[in-house]
Amino acid sequence: EFIISAIEFFRDRNFTLISAPSIVGTAVEGGSTLFELEYFGKKGYLSQSAQLYEEAAICSFGKVFVVQPAFRAEKSKTPKHLTEFVMIEAEVAFNNQEDNMRLQEDLLNYVCSKILERRSYELSLLDRKLKVPEKPFPRITYSEAREIILKHGINFEYGEDIPTEGERVISKEFDTPFFITDYPLSARSFYHLTKEGNITLSSDLIAPNGFGEIATGGQRIHDYNTLLERIKMYNLPLDSFRWYLDLRRYGMPYHSGFGIGVERSVRWICNLKHIRAASLFPRTITRVYP
């Protein structure tokens, strides 16, 4: 129902559904979480995200989305981690980060309302009293989130990504979905647009009551030279990203997008203890059968 409602949401807003490769030659979210495979004598990888291909597609279609598997080789044994999961991702030309967060609010609001309308019986079986989250969602900055987490005795340096336990603790401070914004560049991927002080125009959408992150999004770099310098700064293989750079060679609109995890969202919506319960055939670091 989550996926069906999301597709309705995007179709009603004239988004184009595209497909993107699941076998790719470059990392999107970081090399440490890539599943590597042998691809006819070359190295290939299972896709972490369709984002780079969506960015290519917006040059023709303007507004696009995908519904397809994503793979992360994270050695994490937590109630919210799968190694294979379904991602719904969207990318929009001429949308800034403010537009991007409003789109996420609208999507989650719409999906929750449809699930309440169509699946109230199933929610009652789970004794789940779901409420449609009110817009706009609360927002706190990365620095504000870090201060709250530090007060709970969980230490991490400014510039590091928020640890899973810290994310869980801060999500318990809220009873409605909320955004953490203004991540420093050192905690984000290479493609994020920044403002003063190397603060990225990005956010995480956090489910409340301990469930944690369900979506990540941001405004992308649309300028050729800025992206070239960022690729060099991150010591990424230039040849692998040549096509991604070429999208910007003759001008590209500013744009933004996000990806939302279906199983993580369903886990929160249904108030499930473990993400395994949100998947028919879950894949974890210890489970690849059946």
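Residues numbered from 1 in each chain as written. Predicted model: local features only at pLDDT ≥ 70, side-chain atom pairs only at ≥ 80, totals over all residues. Heavy atoms only, no water.

**Examining the nonpolar core**
- Among the nonpolar cores identified, the biggest contains 33 residues, and Phe-2, Phe-10, Leu-107, Leu-108, Ile-260, Trp-268 and Ile-269 are the most heavily contacted of them.
- Only helix H1 (2-12), strand E6 (84-93), helix H3 (97-118), strand E11 (202-207), strand E12 (212-219), strand E13 (255-261) and helix H9 (262-270) provide two or more residues apiece to this core.
- Tallying contributions element by element places H3 first for this core, with 8 residues.
- For Leu-108, the contacting residues outside a window of four places in its chain are Phe-2, Phe-137, Pro-177, Leu-205, Ile-214, Ile-260 and Trp-268.
- Listed in part, the 15 residues of the second largest apolar core include Tyr-142, Phe-156, Ile-170 and Ile-206. (Core = buried A, V, L, I, M, F, W, Y, C linked by side-chain atoms within 4.5 Å. Buried < 20%, exposed > 50% of the residue type's maximum accessible area, 1.4 Å probe, protein only. Helix = DSSP H or I, 4+ residues; strand = E, 2+ residues; numbered from the N terminus. Contact = heavy atoms within 4.5 Å.)

**Looking at a nonpolar patch on the surface**
- There is a patch of nonpolar side chains on the surface, built from Ile-23, Tyr-39 and Phe-40 and spanning about 370 Å² of accessible area.
- Turning to its location among the elements, Tyr-39 is positioned in strand E3 (residues 36-39). (Patch = residues over 30% accessible without salt bridge, like charges linked within 9 Å, V, L, I, M, F, W, Y side chains within 5 Å. Areas by Shrake-Rupley, 256 points an atom, 1.4 Å probe, with all protein chains shown as cover. Salt bridge = Lys/Arg side-chain N within 4 Å of Asp/Glu carboxyl O.)

**A closer look at the sheet that holds strand E2 (residues 23-24)**
- Strand order in the open sheet formed by 3 strands is E2-E4-E3, and the pairing between neighbours is antiparallel. At either end of the open sheet lies a strand with only one pairing partner, and these are E2 and E3.
- Inspection of the sheet shows E2 paired to strand E4 (residues 42-46) by 2 bridges, in the antiparallel sense. Its bridge partner being in E4, Ile-23 is matched across the sheet by Leu-46. (Pairing = 2+ DSSP bridges.)

**Things to note about the pairing of E4**
- As paired elements, E3 and E4 share 4 bridges and run antiparallel to each other. Within E4, the residue paired with Glu-38 across the bridge is Lys-43.
- Taking the residues that link successive antiparallel strands as the turn, the E3-E4 hairpin has 2 residues, and the phi of Phe-40 there is positive, at about 50°.

**Considering the sheet that holds E6**
- If you walk across this open sheet you meet the 8 strands as E1-E5-E6-E13-E12-E11-E8-E7, and the pairing is mixed. Of all strands in the sheet, those bounded by a partner on one side alone are strand E1 (16-17) and strand E7 (139-141).
- For strand E5 (residues 63-71) and E6, the ladder comprises 9 bridges, and the chain directions are antiparallel. Bridge pairing in E6 places Val-64 opposite Glu-91.
- Its contacts with the sheet place H1 against E5, E6 and E13, and it is angled at close to 10° to E6.
- Against the sheet, H3 contacts E6, E7, strand E8 (178-181), E11, E12 and E13, and its axis sits at roughly 30° relative to E13. (Axes fitted to C-alpha atoms, helices over the stretch in contact; angles between N-to-C directions.)

**As for the side chain of Ser-203**
- Mapped onto the elements of the fold, Ser-203 is located in strand E11.
- The buried category is assigned to Ser-203, whose relative accessible area is 0%.
- Within the structure, the side chain of Ser-203 is placed 3.1 Å from the side chain of Gln-97, a separation counted as a polar contact. (Polar contact = N/O pair within 3.5 Å; in protein donor to acceptor, adjacent residues only side chain to side chain.)

**Quick notes on the pattern of salt bridges**
- Taken as a whole and judged by the stated rule, the model has 19 salt bridges.
- Between Arg-168 and Glu-165 there is a salt bridge, with its nearest N and O atoms 2.4 Å apart. On the criterion of helical spacing, the pair formed by Arg-168 and Glu-165 is a turn pair, its members being 3 residues apart in helix H6 (residues 164-171).
- Each of Glu-1, Glu-8, Arg-118, Arg-119 and Glu-122 takes part in one network of salt bridges that share partners.

**Description of the packing of aromatic side chains**
- Scanning all chains against the criterion turns up 16 aromatic pairs.
- Taking 6.3 Å as the distance between ring centres and 85° as the angle between the ring planes, the aromatic pair formed by Tyr-142 and Phe-156 counts as edge-to-face. Of this pair, Tyr-142 sits in helix H5 (residues 142-151) while Phe-156 sits in the loop between H5 and H6; the two residues are 14 residues apart in sequence, bridging distant segments of the chain.
- A relative accessible area of 0% means that Tyr-142 is categorised as buried. (Phe/Tyr/Trp six-rings, centres within 6.5 Å; stacked < 30°, edge-to-face > 60°.)

**Considerations on the environment of Asp-182**
- For Asp-182, the location among the structural elements is in the loop between E8 and strand E9 (194-195).
- A residue is classified by how much of its surface remains accessible, and Asp-182, at 23% relative accessible area, is partly exposed.
- Contact partners of Asp-182, with chain neighbours within four places excluded, come to Thr-141, Tyr-142, Lys-195, Ile-199, Thr-200 and Ser-202.
- At 3.2 Å, the side chain of Asp-182 forms a polar contact with the side chain of Lys-195.

**So, unusual backbone geometry**
- With an omega dihedral of -5°, the bond running from Lys-135 to Pro-136 counts as a cis peptide bond.
- Within the secondary structure, Pro-136 sits in the loop between helix H4 (120-125) and E7.
- Residues Tyr-289 and Pro-290 are joined by a peptide bond in cis, for which omega reads 0°.
- If you trace the backbone, Pro-290 turns up in the segment after H9.
- Backbone geometry places Asp-127, a non-glycine residue, at a positive phi of 55°.
- Its location among the elements puts Asp-127 in the loop between H4 and E7.

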